[in-house]
Amino acid sequence: MWRKICPAKKSQKLSRRGFLFGGFRKKEDREQAQSAAKPIAAKEVNLDTLAEANVAYENGRFEEAASKYKEFIKTEPQNADARKRHGHCLYKAGKYIQAKVEFERAIRILGKDNFSYLYLGLLLCRAGAGKKAIPVWKLYFDPENITLQREINLQIALIESDPEASFEDAANMVEQVIEETAMQA
């Protein structure tokens, strides 16, 4: 009888630490569309490097943070949050090929990830491959950030309908909305 009312949920692969502390994370600490969640180490190895990377990231020192995240990822290659932040740092530094690799690895680990889809599409536009950004941005879905969702849909439509559409302009417009929505949050 009980199974008919409450069907069984699919089990998720969680670390013990994630299971114990995941429910207690503040709403602000959970993943937002325009910012990567702060990575938490699964092992007590290289915690100082991760802490230094997080501080550098939060203070906008992206080159320094990228090198620290790269060092940390060597000890924890399955840490998707560290990979996303590393990819974001590389994107901010203009290293699009390396950033693309990190976002693709994060997606491989997580399955679906709005942050990675968003920045993967942005870096494809910045690299001049805006047509390849369309299927990536179509995977992005955030009903809680309607302004950003609308802008992405608008840029997809512009790129699809205008063969001379500027991919650089598309990336600029999306980034402008990211900044505006970050200020409002």
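Below is a summary of the structure that appears in this document. Remember, predicted model here, so these are calculated numbers, not experimental data. (Residues numbered from 1 in each chain as written. Predicted model: local features only at pLDDT ≥ 70, side-chain atom pairs only at ≥ 80, totals over all residues. Heavy atoms only, no water.)

For the structure on display, the rule yields 12 salt bridges. For the salt bridge of K95 with E63, the shortest nitrogen-to-oxygen distance reads 3.6 Å. With K95 in the loop between α5 (80–92) and α6 (96–110) and E63 in helix α4 (residues 62–75), this pair connects stretches of sequence that are 32 residues apart. What makes K95 partly exposed here is its relative accessible area of 33%. (Salt bridge = Lys/Arg side-chain N within 4 Å of Asp/Glu carboxyl O. Helix = DSSP H or I, 4+ residues; strand = E, 2+ residues; numbered from the N terminus. Buried < 20%, exposed > 50% of the residue type's maximum accessible area, 1.4 Å probe, protein only.)

Scanning all chains against the criterion turns up seven aromatic pairs. For the pair Y57 and F62, a centre-to-centre distance of 5.8 Å together with 80 degrees between the ring planes defines the contact as edge-to-face. In this structure Y57 comes out as buried when scored by relative accessible area, which is 10%. The exposure class assigned to F62 is partly exposed, which follows from its relative accessible area of 21%. Aromatic side chains F115 and Y119 sit 4.8 Å apart centroid to centroid with 45 degrees between the ring planes, which places their arrangement in the tilted category. (Phe/Tyr/Trp six-rings, centres within 6.5 Å; stacked < 30°, edge-to-face > 60°.)

Inspection of the secondary structure puts L148 in helix α9 (residues 146–161). With relative accessibility at 0%, the residue L148 sits in the buried group. In sequence terms L148 and T181 are 33 residues apart; their C-alpha atoms lie 7.6 Å from each other.

When you line up the elements, E175 lands in helix α10 (residues 167–184). Relative accessible area serves as the criterion here: at 18%, E175 is assigned to the buried category. Contact partners of E175, with chain neighbours within four places excluded, come to Y91, L122 and R126. (Contact = heavy atoms within 4.5 Å.)

Let us now look at helix α3 (residues 47–58). Between its terminal C-alpha atoms α3 stretches 16 Å, which fits the 16 Å expected from 12 residues at 1.5 Å a residue. Following α3 by one or two positions, G60 has its phi on the positive side, about 75 degrees. (Expected span 1.5 Å × (residues − 1).)

Nonpolar side chains tend to gather and get buried jointly when the protein is soluble and globular. Within the largest apolar cluster, 41 residues are counted, with the highest numbers of intra-cluster contacts made by L118, L122 and W137. Contributions of two or more residues to this core are made by α3, α4, α5, α6, α7 (114–126), α8 (130–139), α9 and α10. Take this core: its biggest share by element is nine residues, from α7. (Core = buried A, V, L, I, M, F, W, Y, C linked by side-chain atoms within 4.5 Å.)

Don't take any of this as a statement about function, it's just geometry.
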